[in-house]
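# Fold and geometry: a report
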Amino acid sequence: MKKILVANRGEIALRIMKTVKKMGIKTVAIYSTADREAPHVTYADEAVCIGEPIASASYLNGDKIIKIAKKLQVDAIHPGYGFLSENAEFVKQVEANNIIFIGPKSESILIMGSKIAAKEAVKHYNIPMVPGTKEAITDVKEATAIANKIGFPVLIKASAGGGGKGMRIVENEHEFEAQMSRAISEATHAFGDGSVFIEKYIASPRHIEIQIMADSLGHTVHLFERECSIQRRHQKVIEEAPSAVLSPALRDKMGEAAIKVAKACKYIGAGTVEFLLDDTNNFYFLEMNTRLQVEHPVTEYITGLDLVELQIKIARGESLNLIQADIEIKGHAFELRVYAEDPLNDFLPSIGTLKVYKMPEGNNIRVDNGVNEGAEVSIYYDPLLSKLIAYGDTREDAILNMQNAINAYKIEGICTTLGFGKFVFQNAAFREGNFDTNFVNIYYEPKILQEKAEREAKLAALIALKQYQKDLKQVRLPNS
Ligand code: ADP
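Residues numbered from 1 in each chain as written. Predicted model: local features only at pLDDT ≥ 70, side-chain atom pairs only at ≥ 80, totals over all residues. Heavy atoms only, no water.

## Let's talk about the site of the ligand
Convention followed: Only heavy atoms are used to decide nearness, and a residue is near a molecule or strand if one of them lies within 4 Å of it. What qualifies as a polar contact is a pair of N or O atoms within 3.5 Å, subject to a donor-acceptor requirement within protein and to the restriction that residues adjacent in sequence count only when both atoms come from side chains. The Shrake-Rupley method, run with a 1.4 Å probe, gives the accessible areas here. Residue values count only the displayed protein chains as cover. Helical segments are the DSSP runs of H or I of at least four residues, strand segments are the runs of E of at least two, and each set is numbered from the N terminus. Residue type decides the class: Asp, Glu, Lys and Arg count as charged, Ala, Val, Leu, Ile, Met, Phe, Trp, Tyr, Cys and Pro as nonpolar, and the leftover types, Gly among them, as polar. Residue ranges for the domains trace back to a domain assignment, done automatically or taken from a database.
In the neighbourhood of the ligand, 22 residues make up the surrounding shell, with K115, G164, H207, Q231 and E287 lying closest. E199 places a side-chain nitrogen or oxygen 2.9 Å from a nitrogen atom of the ligand. At 3.0 Å, a side-chain N or O of E274 approaches an oxygen atom of the ligand. Coverage of the ligand by the protein chains reaches 95% of its 560 Å² of free accessible surface. Only β6 (154-158), β8 (196-200), β12 (269-277) and β13 (283-289) provide two or more residues apiece to the shell around the ligand. Residue composition of the shell around the ligand, by class: seven nonpolar, eight polar and seven charged. Two domains each put at least three residues into the shell around the ligand: domain 2 (131-200) and domain 3 (206-447).

## Describing the packing of helix α1 (residues 10-22) against helix α11 (residues 307-315)
Relative orientation and spacing of two packed helices are given, respectively, by the angle between their axes and the distance between those axes. For clarity, the cut-off: Axes, fitted as lines to C-alpha atoms, cover a helix only where it is in contact. Angles between the N-to-C directions of the axes lie from 0 to 180 degrees. Oblique is the label for any angle not covered by the other classes, which are roughly parallel (under 35 degrees), roughly antiparallel (over 145) and roughly perpendicular (65 to 115). If you view the pair so one helix is near and one far, a crossing is left-handed when the near helix is turned anticlockwise from the far one by less than a right angle, and right-handed when it is turned clockwise. Contacts between residues were defined by any pair of non-hydrogen atoms, one from each residue, lying within 4.5 Å.
The interhelical angle for the contact between α1 and α11, taken along N-to-C directions, is 60 degrees, at an axis separation of 9 Å. As summarised for this structure, α1 and α11 are arranged oblique, according to the angle between their axes. In this structure, the crossing between α1 and α11 has a hand that is right-handed. The segment α1 lies against α11, with R15, I16, T19, V20 and K22 engaging L307, V308, E309 and I312. Grouping the amino acids of the contact of α1 with α11 by side-chain chemistry returns five nonpolar, one polar and three charged.

## Some details on the sheet that holds strand β19 (residues 365-369)
Operational definition: Paired strands, as defined in this entry, are two strands with at least two bridges between them according to DSSP.
Spatially, β13-β12-β9-β10-β11-β14-β21-β19 is the arrangement adopted by the eight strands of the open sheet, whose pairing is antiparallel. Each of the sheet's edge strands pairs with one partner strand only, and the pair in question is β13 and β19. The mean inter-strand angle of the sheet, taken between neighbouring strand axes irrespective of direction, is 25 degrees. Pairing analysis gives four bridges linking strand β10 (residues 220-232) to strand β11 (residues 235-241), with the strands arranged antiparallel. Bridge pairing in β11 places I230 opposite I238. Of the strands in this sheet, β9 (206-214), β10, β12 and β13 are in contact with helix α9 (residues 248-264), which crosses β10 at around 105 degrees.

## Details of the pattern of salt bridges
Note the cut-off: Criterion for a salt bridge: a side-chain nitrogen of Lys or Arg within 4 Å of a carboxyl oxygen of Asp or Glu.
All told, the structure shown has 33 salt bridges when counted by the stated rule. Three or more residues joined by partner-sharing salt bridges are found here, namely R15, K22, E300, D306, E309, K313, R366 and D368.

## Some points on the domain arrangement of the chain
The test is simple: Two parts placed together each lose some accessible area under a 1.4 Å probe, and adding up what both lose gives the buried area.
Its domain assignment divides the chain into domain 1 (3-102), domain 2 (131-200), domain 3 (206-447) and domain 4 (448-479). With centres defined by C-alpha atoms, the gap from domain 2 to domain 3 works out at 28 Å. Contacts between the two partners involve six residues from domain 2 and, on the opposite side, five residues from domain 3. For the pairing of domain 2 and domain 3, the buried interface totals around 410 Å² over both sides, and the portion due to carbon and sulfur atoms is 56%. Its largest share of buried area at the contact with domain 3, domain 2 owes to G163, G164 and M167, together 50% of the area lost on that side. Connecting domain 2 to domain 3 are zero salt bridges.

## Regarding the packing of helix α3 (residues 62-71) against helix α4 (residues 88-96)
Between α3 and α4, the shortest axis-to-axis distance is 10 Å and the interhelical angle comes to 25 degrees. As far as their axial angle goes, α4 and α3 are roughly parallel. Viewed along their axes, α3 and α4 form a crossing whose handedness is right-handed. Contacts between α3 and α4 involve G62, D63, I65 and I66 on the former and, on the latter, F90, Q93 and V94. Split into classes, the residues belonging to the contact of α3 with α4 amount to four nonpolar, two polar and one charged.

Structure follows, in structure tokens:
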């Protein structure tokens, strides 16, 4: 492999290119007209403008990407996450053009891209699943009967859903019919597929996922878990590895279940098997993500492995050269997703110019960044600016490193989730490891953040005033 095209943008494009360069392979970036000066463009050996900012004209334009790859004699395409990374049709086309797709085969993507097909595929492997329907359901009467049997509250989920979208919690039978027709029409609009199914709503779950890695020679290992329970709108904001609550025995059990899920769809490459863990330590299979995950750096910290390097080696047909017993957990790592969102206003997207943008540096701190000072944050793409990752020998050390890094991260011009991160890492329940996916609903009050910001602004003004008075005195000194 001499040249790899990274079909993505932002922090993940840059992060992938760093490993590609390290391996002595040339990099090709693609970019939209909105990203002309983005770091992933300047970092690449070659860069090609692919179209207008709107994703369908640029980062989702598979035909054009393949054309560019052929023209520049690219050997392989790395899709990153999002955009075309889980598009089975794109993968087929890449392969048909004799280009290597750095990821699984299109068949595995097709199965795991549908939550219903995924459940069907793993059902013979003795994997615990959330009680619910195994098939798409359209008949409201039948669905109501099933919901009653499962017991309320239930979740209506879109089979093609993703990114926390397409889910509805239904508290009781009276609401069921109306919620179901809304869910079907939403799923049809958002995903072009109206299939929905019903799951028991687990009351206080923790989101625990297992990273797996499988080579094309039939060898699959897991790289332990990540806990991703700190979420807003069913989407992750803070992740950690390892989880504060998994015993070694439970870790082994979940790891083995994840490997079975991977084998059920003949998986090759890096993948993530997501589970919910209830308050009595029962775990249930949720879905499998067939790509590199946003939060993969915490796994890299605790295992010392470069996941992108492993992906590339697997895509070259090499053996993993790793046995399960060789992989060990060392230390603890956290990731805070730095989103351009306003945590004081329902985490709504925040757009504008990055007037000040200074990243923290230091031992045990990693910033996977995708933007520059002066950049315009637009509405076109996912609002993830960067990921702040902190490591420590223990969970407490990692928390301390994360807090120092958040304080040293300076962003002005737009709102971000940094302040929310500060809140979480100070929260007693979080620090004790005593939390679940309801953390934001239970503990987070924007008011606290607001008051804190005001206190800090006041303090900064007082310090400035004191300095001003001191300066005045010094200026007057010669005359006195
Ligand atoms: P998506 O594909 O949209 O990310 P997932 O099925 O992976 O959807 O679920 C995302 C999040 O939604 C989970 O991490 C969890 O917080 C919540 N969730 C999903 N299913 C359930 C359930 N049955 N009970 C309670 N919470 C759930």
